[in-house]
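Summary of the model geometry
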Amino acid sequence: MSVTTPRGFRAAGVAAGLKTSGGADVALVVNDGPDAGVAGVFTTNRVKAAPVLWTQQVVQGGVVRAVVLNSGGANACTGPAGFQDTHATAEHTAAALTSVSPRLILGAGEVAVCSTGLIGERLPMPKLLPGVRSAIRGLSRNGGPAAAEAIMTTDTRPKTTVARGSGWTVGGMAKGAGMLAPGMATMLCVLTTDAVAGPATLDEALRAATRVSFDRVDSDGCMSTNDTVLLLASGASGIEPTPAELAAAVTAACHDLAQQLVADAEGATKQIAIDVVGAADEDEAVEVGRTVARNNLVKTALFGNDPNWGRILAAVGTTAAAFEPDEVDVAVNGVWVCRGGAAAEDRSKVDLTGRDVTIRIDLHAGTSAATIWTNDLSHAYVHENSAYST
């Protein structure tokens, strides 16, 4: 289950010394073809890291044959010098790959670059570039798990997935445990497929998938500068699925990875699904779900196993969604603690001792629905983020 499960891809993950822990911190994914189509979705933050700006340009060209990723440094807010570091990384990767694989003659404009880690510091290029060369030497069809490990920051475990079509496959890896909010937050994701698909079809499938997966994850309401999701197609299966078939498989892969991100959120003791139904339209359902997901009073109550539904209703009331306050129903883990905007079943019936929590909010204002995934706010989250840069 990795980015190398689809045919036509190799990967590697190595330690280059970017992380003080000495762990793996440089990953490389190579598309051996015959095709090299690509699509990408990026952070909507106005402050974008240098690798995001670079890779956005690369994706516009419609061809990516390699993705180099590093943890241990975000290369964000580093000015023109940081962008030059990204450019140099792509040039170095292209030249080094071409020298060892003559069939992979490529230029810097076919190399995507992704970085993650602390914002505001230059990457140590004397360590990164040799790390790229080491990753090239380690490229393998079995290198997906190592690549997934190398992109981890505060993650406690690597995140990989596979979704299978009829004779073709989608694989993927992702990282992310904090700053998870719409625009995909501080997460990196590389998806691969051996299906035959051009850039336009890949873009349509990827945007449809991220809209209902990564964009519905809201761990802490904090959007980062480096979010990147890439979808690469090798065409090695020789099979061209319908756009709907491809979108379904990509969505399944993204959904699986999104759930893994929430499950590994920093300090989380609860994995929470907020189901909003009866909304006037989908956007309003998303707005309500996201508002509840970001409410610190709700999140701390759930950390304390307290089914304080009044906090949920109060959060709903801050939105612009259409609803009548005296018609809203709220259930927590299947117990309807609020009916018609007032107390209903005894809240003591709610069992919050497990990790999984479902909040269902019925607005009774229409037929649309959406689910937002989040987690609780714990002591461990505060501790982990209180001294991240020191």
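Along every chain, residues carry numbers that run from 1 in the direction the sequence is written. Only residues with pLDDT of at least 70 are given local features in this predicted model, and only at 80 or more are side-chain atom pairs given and counted; all residues enter the totals for whole chains, interfaces and linings. Working from all heavy atoms in the structure, the side-chain values ignore hydrogens and water.

1. Structural notes on the environment of valine 382
Locating valine 382 in the fold gives a position in helix 10 (residues 379-385). Exposure is judged per residue with a 1.4 Å probe applied to protein chains only, and the accessible area is read against the type maximum: over 50% gives exposed, under 20% gives buried, and values in between give partly exposed. On the accessibility criterion, valine 382 (49% relative accessible area) is partly exposed. Numbering of helices and strands runs from the N terminus, with a helix taken as a DSSP run of H or I at least four residues long and a strand as a DSSP run of E at least two residues long.

2. Focus: the domain arrangement of the protein
By the assigned domains, the protein splits into domain 1 (9-263) and domain 2 (271-385). Placing a centre on the C-alpha atoms of domain 1 and another on those of domain 2 gives a separation of 33 Å. Each partner contributes to the interface: domain 1 provides 17 residues, whereas domain 2 provides 16 residues. Reported buried area values correspond to the accessible surface (1.4 Å probe) lost by two parts on association, with both partners' losses combined. With both sides pooled, the region where domain 1 packs onto domain 2 buries about 1400 Å², and carbon together with sulfur makes up 41% of that total. What makes a salt bridge here is a side-chain nitrogen of Lys or Arg within 4 Å of a carboxyl oxygen of Asp or Glu, nothing more. In this assembly, domain 1 and domain 2 are joined by 4 salt bridges. With a closest N to O distance of 3.0 Å, glutamate 282 and arginine 211 form a salt bridge. Pairs of N or O atoms are called polar contacts if they sit within 3.5 Å, as long as, within protein, a hydrogen donor faces a hydrogen acceptor (for residues adjacent in sequence, only side-chain-to-side-chain pairs). In this structure, the connection of domain 1 to domain 2 is made through 9 residue pairs in polar contact (both at pLDDT 80 or more). Examining the composition of the side of domain 1 that touches domain 2, we find that 4 residues originate from one element, helix 6 (residues 243-263), more than from any other. Tallied by class, the residues present in the side of domain 1 that touches domain 2 amount to 6 nonpolar, 6 polar and 5 charged. An automatic or database domain assignment provides the domain bounds reported here. By the convention used here, residues are in contact when the closest approach between their heavy atoms is within 4.5 Å. When residues are grouped by polarity, Ala, Val, Leu, Ile, Met, Phe, Trp, Tyr, Cys and Pro land in nonpolar, Asp, Glu, Lys and Arg in charged, and all others, Gly among them, in polar.

3. Description of the nonpolar core
Nine residue types can take part in a nonpolar core, namely buried Ala, Val, Leu, Ile, Met, Phe, Trp, Tyr and Cys, and a core is a set of them joined through side-chain atoms within 4.5 Å. Ranked by size, the top nonpolar core spans 55 residues in total, and within it Val26, Leu28, Val67, Leu69, Leu97, Met173 and Leu230 carry the most contacts. Per-element tally for this core: the top contributor is helix 3 (residues 125-137), with 6 residues. When near neighbours in sequence (up to four residues on either side) are disregarded, leucine 69 contacts Asp25, Val26, Ala27, Cys114, Ile151, Met173, Leu188 and Val190.

4. Some thoughts on the sheet that holds strand 1 (residues 9-14)
In short, DSSP must find at least two bridges between two strands for them to pair. With mixed pairing, 4 strands are arranged side by side in an open sheet as 1-2-4-5. The open sheet has two edge strands with one neighbour each: strand 1 and strand 5 (111-115). For this sheet the average axis-to-axis angle between neighbouring strands, irrespective of direction, equals 10°. As defined by bridge partners, strand 4 (residues 66-70) adjoins strand 5 across 5 bridges and the pair is classed as parallel. Residue alanine 66 lies in a different strand from strand 5, and its bridge partner there is valine 111. Throughout, an axis means a line fitted to C-alpha atoms (over the contacting stretch in the case of helices), and angles, computed between N-to-C directions, take values from 0 to 180 degrees. Here helix 2 (residues 79-100) sits on the sheet in contact with strand 2 (26-31), strand 4 and strand 5, set at roughly 130° to strand 5.

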